[in-house]
Amino acid sequence: DTGVSQNPRHKITKRGQNVTFRCDPISEHNRLYWYRQTLGQGPEFLTYFQNEAQLEKSRLLSDRFSAERPKGSFSTLEIQRTEQGDSAMYLCASTPSLGGEGYTFGSGTRLTVV
Amino acid sequence: GQNIDQPTEMTATEGAIVQINCTYQTSGFNGLFWYQQHAGEAPTFLSYNVLDGLEEKGRFSSFLSRSKGYSYLLLKELQMKDSASYLCAVRDDNTNAGKSTFGDGTTLTVKP
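Residues numbered from 1 in each chain as written. Chains lettered and ligands numbered in written order. Predicted model: local features only at pLDDT ≥ 70, side-chain atom pairs only at ≥ 80, totals over all residues. Heavy atoms only, no water.

**Student:** Quick one: what's the story with the packing of aromatic side chains, residue by residue and with numbers?
**Tutor:** Enumeration over the complete set of coordinates arrives at 20 aromatic pairs over all chains. Ring centres of Tyr33 of chain A and Tyr103 of chain A lie 4.7 Å apart, and the angle between their planes is 50 degrees; on these two criteria the pair is classed as tilted. Here Tyr33 of chain A is found in strand 4 (residues 31-37), whereas its partner Tyr103 of chain A is found in the loop between strand 9 (88-95) and strand 10 (104-105), with 70 residues between them in sequence. A network of ring pairs unites the aromatic residues Tyr33, Tyr35, Phe45, Tyr48, Tyr103 and Phe105 of chain A together with Phe33, Tyr35, Phe45, Tyr48 and Phe102 of chain B as a single cluster. A cation over a ring is seen here: Arg22 of chain A above Phe74 of chain A, with NZ or CZ 3.9 Å from the ring centre. (Phe/Tyr/Trp six-rings, centres within 6.5 Å; stacked < 30°, edge-to-face > 60°. Helix = DSSP H or I, 4+ residues; strand = E, 2+ residues; numbered from the N terminus. Lys NZ or Arg CZ within 6 Å of the ring centre and 35° of its normal.)

Okay, structure coming up:
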């Protein structure tokens, strides 16, 4: 297993455009999380999947953000009508259980909205 | 609300020992994690505490006191490669989702 994979690594988009990111978790991990991180701050929770079910979504997340995990494997995060404030590193993480393993993070997708 | 505090920056000398503190106030507690994050990279998991006491893992140890809402990460025999940001994270939800609230990280600089 090559760990958690995220694509693309970098994305530059114009304000108002839609963007979609992909995350492929470790295959045996049924829990998948999306976080967002800006410079000098810790990761901020966005949403969580157990298998294909989206069980929690941050109240901070506007309705421009949507995530899916069809078939409980890879996940996509879409941002519609991007704004400059959406510029951040988007991190995907997976974990097999609620034990002490911690998250395995992907390398992230750095989004720049110009 | 959820609040996790850790110092913004610390500096230490190669070969020395450094302790990075973390205090937390969260509505729930289901474990505390420490992660290491090098500049431009994703966080990597270092340690996990759910019961009070010290957990040792090679050069790194982590301590937890749930009654005080306090943890520390202890790094021994510092190496230059230990220069990184160290993130304290509390798994704070009671919904079984497993989400964590992160502190803003402590940037550690190791000098020769």
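**Student:** I'd like a rundown of unusual backbone geometry, residues and numbers included.
**Tutor:** All names here are of chain A. Going from Asn7 to Pro8, the amide bond is cis rather than trans, its omega being -10 degrees. Among the structural elements, Pro8 can be located in the loop between strand 1 (5-7) and strand 2 (10-13). Unlike most non-glycine residues, Asn51 shows phi in positive territory, near 55 degrees. Along the polypeptide, Asn51 turns up in the loop between strand 5 (44-50) and strand 6 (53-57). The phi torsion at Arg81 lies on the positive side, around 50 degrees, for a residue other than glycine.

**Student:** Could you give an account of the environment of Pro43 of chain B, with specific residues and numbers?
**Tutor:** Turning to its location among the elements, Pro43 of chain B is positioned in the loop between strand 4 (32-37) and strand 5 (44-49). Pro43 of chain B gets classed as buried once you look at its relative accessible area, which sits at 2%. Spatially, the C-alpha atoms of Pro43 of chain B and Ala84 of chain B are 10.0 Å apart, while their sequence positions differ by 41 residues. With residues up to four places along the chain from it excluded, the contact list for Pro43 of chain B reads Pro43, Leu91 and Phe105 of chain A together with Tyr35, Gln36, Gln37 and Leu87 of chain B. (Buried < 20%, exposed > 50% of the residue type's maximum accessible area, 1.4 Å probe, protein only. Contact = heavy atoms within 4.5 Å.)

**Student:** Please give an account of the sheet that holds strand 7 (residues 65-68) of chain A that cites residues and values.
**Tutor:** All names here are of chain A. If you trace the 4 strands from one edge of the open sheet to the other, you get 1-3-8-7, paired in antiparallel fashion. Each having just a single partner strand, strand 1 and strand 7 make up the two edges of the open sheet. Taking each pair of neighbouring strands and ignoring which way they run, the sheet shows an average axis angle of 15 degrees. Strand direction decides the pairing type here: strand 3 (residues 19-24) and strand 8 (residues 75-79), joined by 5 bridges, are antiparallel. By the bridge assignment for strand 8, Val19 is matched with Ile79. (Pairing = 2+ DSSP bridges. Axes fitted to C-alpha atoms, helices over the stretch in contact; angles between N-to-C directions.)

**Student:** Go over the sheet that holds strand 8 (residues 70-75) of chain B with me, naming the residues and quoting the values.
**Tutor:** Residue and element names in this part refer to chain B. Pairing within the open sheet is antiparallel, and its 5 strands lie in the order 1-3-8-7-6. Both outer strands of the open sheet, strand 1 (3-5) and strand 6 (53-57), are each paired with one neighbouring strand and no more. Neighbour to neighbour, the strand axes of the sheet diverge by 15 degrees on average, direction disregarded. Examined bridge by bridge, strand 3 (residues 18-25) and strand 8 share 6 bridges and lie antiparallel to one another. In the strand pairing of strand 8, Asn21 is matched with Tyr72.

**Student:** Describe the state of the cysteines, naming the residues involved and giving the relevant values.
**Tutor:** By definition, a disulfide is the covalent link that joins the sulfur atoms of two cysteine residues. As enumerated under the stated definition, the model contains 2 disulfides over all chains in all. Through a disulfide, Cys23 of chain A is tied to Cys92 of chain A; the S-S separation comes to 1.9 Å. Taking the sign of the torsion about the S-S bond as the criterion, the disulfide between Cys23 of chain A and Cys92 of chain A, at about -65 degrees, is left-handed. With Cys23 of chain A in strand 3 and Cys92 of chain A in strand 9, the pair connects residues that are 69 residues apart, well separated along the chain. Just as Cys23 of chain A is buried, Cys92 of chain A falls in that class too. Cys22 of chain B shares a disulfide with Cys88 of chain B; S-S distance 2.0 Å. One quick way to see it: the torsion about the S-S bond of Cys22 of chain B and Cys88 of chain B is about -70 degrees, and its sign makes the bridge left-handed. Separated by 66 residues along the polypeptide, Cys22 of chain B in strand 3 and Cys88 of chain B in strand 9 (residues 84-91) bring together distant segments of the chain. Judged by relative accessible area, Cys22 of chain B falls into the buried class, the value being 0%. (Disulfide = S-S within 2.5 Å.)

**Student:** Account for the side chain of Arg59 of chain B, with residues named and values stated.
**Tutor:** Residue and element names in this part refer to chain B. With respect to the helices and strands, the residue Arg59 is situated in the loop between strand 6 and strand 7 (60-65). A distance of 3.2 Å separates a polar atom in the side chain of Arg59 from the backbone oxygen of Glu77. Other than its neighbours up to four places away in sequence, Arg59 contacts Leu74, Leu75, Lys76, Glu77, Leu78, Gln79, Lys81 and Asp82. (Polar contact = N/O pair within 3.5 Å; in protein donor to acceptor, adjacent residues only side chain to side chain.)

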